[in-house]
Amino acid sequence: MQGNDSERLGSHRSRGPIDDTSTSRIALIVPKTRVKKIKDALEAHGILDKTVKIRPARLEEQNAYFEGTSIEPPLDVFFISTKLSVGIERVNSDTLPVKLDLLQSLGLVKSEADIGIIAFKQTHDIRGLLGSGRVCEDGSSSYQPSASETSTINPLARTIDYWLHQLPREEAERPFTRDAVPSYSWTYMIYPPLLLLPPTALSKLSSIFASKGQSIPKDFSSLWCLLSRDFKTSHIAFNAPILASVSKEASAQGGGHPETNILRSPTGLAPLYGDFGPALSMTHVPTIADFSSAFWCTAQQNGIFQTWAPRYTMFSRGNISEKKRILSLKTLTEKQLGSRPEETSAVDLYAGIGYFAFSYAKAGVGKVLCWEINPWSVEGLMRGAQRNRWAVEVITDGQAFNKTINQGERLIVFQESNEHAARRIAAMKDSIPPVRHVNCGLLPSSKDSWEVAVQVLDPTGGWIHAHENIAKKDIEGRTEEVVCIFNRLVGNHCVHEPTEKWRVQCEHVEQVKSYAPGVMHYVLDISISPPG
């Protein structure tokens with residue numbers, strides 16, 4: 001068997017020295033939890049490159065694989081070099097077949113979505129990856145560090161360093177040293193064609209200038225231009241967390257107190273480069289013209305496209321693991337449901353741009369009913385659904401919906417408060433499959449929607465996914481409290497004989513991501529079953 005694998009992959013093996021300028025090595029980018037399994041498999045097949053140490057993947061190595069796909073890399077991934085090689089002029093066409101062949105030979109095809117593949121060179125390529133410095137439109141080149149610098153300077157630091165050394169300065173000013181930029185940690189996110197920088201980037205730059213006794217420049221346009229060219233993006237912005245409340249200036253509500261940011265508007269986003277669309281108040285009702293003039297991004301996670309306008313609505317990248325979990329929920333199988341997924345409906349009470357709704361659709365659920373009050377999010381959801389080739393219909397607040405539902409519509413979006421969900425679903429019950437899953441995806445707590453979730457769940461029972469921020473030390477106690485709350489709600493809204501009792505239990509607790517020190521975003525899968 002091993003011989004057959006070697007023969008099939010033979011055309012990709014290196015037949016020359018490692019630093020042959022015509023070829024590049026193949027490396028795998030893998031989650032930490034799979035490192036040992038993949039290392040052992042590569043070693044067993046004689047294609048593990050033991051001359052290159054297995055190590056955490058550098059940021060530029062992660063970006064090299066995920067560039068252009070908008071798929072977010074896992075948080076903790078490692079670099080494993082193989083003995084396979086590929087012609088440098090055929091990288092784009094060869095690396096994917098190599099990956100598929102390699103994973104098939106190792107028995108890891110099912111892990112394809114979690115394993116990345118890159119082509120790299122140990123010498124002759126100063127970036128440590130395929131590609132050399134890009135030439136800007138004005139004829140200048142992107143900064144190219146020495147081979148020793150490449151191992152410590154990430155792409156953002158490299159461009160900033162180049163920019164610093166190109167700035168005009170007075171005779172008396174001390175020059176910047178090569179270690180000024182790498183001494184700081186530089187992070188960023190790319191959602192083509194958008195580059196997002198953390199707000200701390202400005203304070204770091206200020207510190208660098210202050211260390212030389214210089215004032216930070218008032219005009220950063222030359223830096224934004226360089227970043228745009230080096231990162232192949234058309235828009236750049238400072239990003240910041242979504243605030244729970246905003247100032248009266250941001251909300252345009254008036255009064256002397258902060259307003260609750262119920263629309264989850266990205267008021268902390270600060271456009272730096274490119275046209276993001278006009279500044280609009282949170283109370284402004286967007287028009288078709290507003291949607292047309294806005295800047296839209298599309299990201300792909302778990303093979304699903306999601307679209308949003310960065311200036312007007314949020315995008316949560318940290319929920320990727322929960323989105324993926326929905327795709328393989330055991331409770332979305334015929335064995336658990338008692339019917340095929342396409343013969344059931346799911347409800348998303350806080351749909352946003354389709355974070356979880358799209359996962360239900362891809363998992364095969366027949367109808368996904370969504371509630372969302374932010375018109376910008378609804379527009380993004382609609383655009384994303386169309387990009388995924390799912391038919392979608394949007395019903396605005398107060399609009400009647402009495403027609404027979406088109407069987408081709410996978411998603412029905414209600415642009416209104418989810419307090420109307422029970423009434424809407426009751427009116428549609430003869431036209432839609434039974435609701436077996438309800439997602440309550442609001443932080444820091446979705447408790448205000450739990451009663452509605454119980455009301456819309458089908459009489460045959462199902463599952464409610466309750467999202468909460470909970471201190472790690474309190475998770476057991478809070479889980480018991482949540483089950484008690486649902487027991488009470490079920491008792492209030494489910495009709496049954498006095499001697500019979502519905503079964504309410506927490507089947508699973510999923511830890512999604514960190515929210516604050518000691519506090520995690522959890523999802524509690526609450527199972528509700530009728531008597532008998």
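In this text the structure is predicted, and so the values were computed from the model without any measurement.

What counts as what
- Residues numbered from 1 in each chain as written.
- Predicted model: local features only at pLDDT ≥ 70, side-chain atom pairs only at ≥ 80, totals over all residues.
- Heavy atoms only, no water.
- Helix = DSSP H or I, 4+ residues; strand = E, 2+ residues; numbered from the N terminus.
- Buried < 20%, exposed > 50% of the residue type's maximum accessible area, 1.4 Å probe, protein only.
- Contact = heavy atoms within 4.5 Å.
- Salt bridge = Lys/Arg side-chain N within 4 Å of Asp/Glu carboxyl O.
- Pairing = 2+ DSSP bridges.
- Axes fitted to C-alpha atoms, helices over the stretch in contact; angles between N-to-C directions.
- Parallel < 35°, antiparallel > 145°, perpendicular 65-115°, else oblique.
- Left-handed = near helix turned anticlockwise from the far one by under 90°.
- Expected span 1.5 Å × (residues − 1).
- Phe/Tyr/Trp six-rings, centres within 6.5 Å; stacked < 30°, edge-to-face > 60°.
- Arc of directions from axis to C-beta.
- Right-handed = clockwise from strand over helix to strand, strands pointing away.
- Core = buried A, V, L, I, M, F, W, Y, C linked by side-chain atoms within 4.5 Å.

## Focus on the environment of P530
Here's step 1: Tracing the chain through its elements places P530 in the segment after β20 (519-529).
Here's step 2: The class of P530 is partly exposed, set by a relative accessible area of 22%.
Here's step 3: Between the C-alpha atoms of P530 and T460, which are 70 residues apart in sequence, the distance is 6.4 Å.
Here's step 4: P530 has contacts with P459, T460, G461, W502 and R503, leaving out every residue within four places of it along the chain.

## Quick notes on the pattern of salt bridges
Here's step 1: Applying the stated criterion across every chain yields a total of 14 salt bridges.
Here's step 2: K473 is the salt-bridge partner of D474, the closest N and O atoms lying 3.3 Å from each other.
Here's step 3: For D474, a relative accessible area of 36% gives the class partly exposed.
Here's step 4: By relative accessible area, which is 74% here, K473 ends up exposed.
Here's step 5: A cluster of three or more residues bridged by salt bridges with shared partners is formed by K36, K39, D40, E43 and K50.

## Some points on the pairing of strand β6 (residues 194-197)
Here's step 1: Because side chains alternate across β6, one face comprises the buried residues L194 and L196, and the other comprises L195 and L197, equally buried.
Here's step 2: The sheet contact formed by strand β5 (residues 189-191) and β6 spans 3 bridges and is antiparallel. Note that in β6 the partner of M189 across the bridge is L196.
Here's step 3: As paired elements, β6 and strand β7 (residues 235-238) share 4 bridges and run parallel to each other.

## Some points on the packing of helix α6 (residues 155-166) against helix α8 (residues 221-230)
Here's step 1: It is the contact of α6 with α8, at a shortest axis distance of 10 Å, that shows an interaxial angle of 140°. When the axis of α6 is compared with that of α8, the two are oblique. Along this stretch, α6 crosses α8, giving a crossing that reads as right-handed. Counted together, L156, T159, I160, Y162 and W163 of α6 and S222, L223, L226, L227 and D230 of α8 form the full contact between these two elements.

## Description of α6
Residues three or four positions apart in an α-helix share a direction because the helix packs 3.6 residues into each turn.
Here's step 1: With 12 residues, α6 should cover 16 Å at 1.5 Å per step; its first-to-last C-alpha distance of 17 Å lies within 8% of that length.
Here's step 2: α6 sits mainly inside the fold: 10 of its 12 residues count as buried.
Here's step 3: Taken together, the buried positions of α6 are P155, L156, A157, R158, T159, I160, D161, Y162, W163 and L164.

## Some words on the packing of aromatic side chains
Here's step 1: Under the counting rule described, the total for this entry stands at 16 aromatic pairs.
Here's step 2: Measuring from ring centre to ring centre gives 6.1 Å for W224 and F238, while their planes differ by 90°; the resulting arrangement is edge-to-face. Of the two residues, W224 is situated in helix α8 and F238 in strand β7; the sequence distance between them amounts to 14 residues.
Here's step 3: Given a relative accessible area of 9%, W224 falls into the buried group.
Here's step 4: For F238, a relative accessible area of 12% translates into the label buried.

## Examining helix α2 (residues 35-44)
Here's step 1: Inspection of α2 places V35, I38, A41 and L42 among the buried residues, and these make up the whole buried set. The buried residues of α2 all sit within an arc of 140° when viewed along its axis, so they share a single face. Every exposed residue of α2 that faces more than 90 degrees away from the buried side is listed here: K36 and K37.
Here's step 2: Looking one or two places after α2, you find G46, whose phi comes out positive at around 70°.

## Here we look at the pairing of strand β14 (residues 367-371)
Here's step 1: Among the 5 residues of β14, 5 are classified as buried, and the element is accordingly described as predominantly covered.
Here's step 2: Every second residue of β14 is oriented toward a common face, with K367, L369 and W371 on one face and V368 and C370 on the other, all of them buried.
Here's step 3: Examined bridge by bridge, strand β13 (residues 345-348) and β14 share 4 bridges and lie parallel to one another. Within the sheet, the bridge partner assigned to S345 lies in β14 and is K367.
Here's step 4: Regarding topology, helix α13 (residues 357-362) serves as the crossover connection from β13 to the parallel β14, and that connection is right-handed.
Here's step 5: Bridge count for β14 against strand β16 (residues 409-415) is 4 bridges, and the pairing is parallel. Bridge pairing in β16 links V368 to L411.

## Let's talk about the nonpolar core
Here's step 1: Counting residues in each nonpolar core, the largest one holds 37 residues, and the members touching the most others are L349, I425, V438, I464, F486, I526 and I528.
Here's step 2: Elements that contribute at least two residues to this core include exactly β14, β16, α15 (421-428), β17 (435-440), α16 (450-456), β18 (462-471), α17 (475-493) and β20.
Here's step 3: Among the elements that take part in this core, α17 stands out by supplying 6 residues, more than any other.
Here's step 4: Once residues within four sequence positions are removed from consideration, V438 is found in contact with V347, L349, A453, V456, L457, W463, I464 and H465.
Here's step 5: Formed by 34 residues, the second largest nonpolar core is a distinct cluster that contains A237, L332, I353 and V392.

## Some remarks on unusual backbone geometry
Here's step 1: A cis geometry characterises the amide bond from P192 onward to P193, with omega recorded as 5°.
Here's step 2: Topologically, P193 is positioned in the loop between β5 and β6.
Here's step 3: The omega torsion of the bond from L443 to P444 falls at 10°, within 30 degrees of zero and hence cis.
Here's step 4: Relative to the assigned elements, P444 resides in the loop between β17 and α16.
Here's step 5: Residues other than glycine seldom take positive phi values, yet K232 does so here, at roughly 55°.

## Points about the sheet that holds β5
Note: strands within a sheet are paired through backbone hydrogen bonds, in either parallel or antiparallel orientation.
Here's step 1: What the 4 strands build is an open sheet, ordered β5-β6-β7-β10; its pairing is mixed. The open sheet has two edge strands, β5 and β10 (270-273), and neither has a second partner. The average angle at which neighbouring strand axes cross in this sheet is 25°, direction not considered.

## Focus on the packing of α6 against helix α7 (residues 200-211)
Here's step 1: Look at α6 against α7: their axes get within 13 Å of each other, and the N-to-C directions meet at 40°. Here α6 is positioned oblique relative to α7, judged by the angle of their axes. α6 and α7 meet at a crossing whose hand is right-handed. Of the residues in α7, those in contact with I160, W163 and L164 of α6 are L205, I208 and F209.

All we've got here are geometric facts, nothing functional implied.
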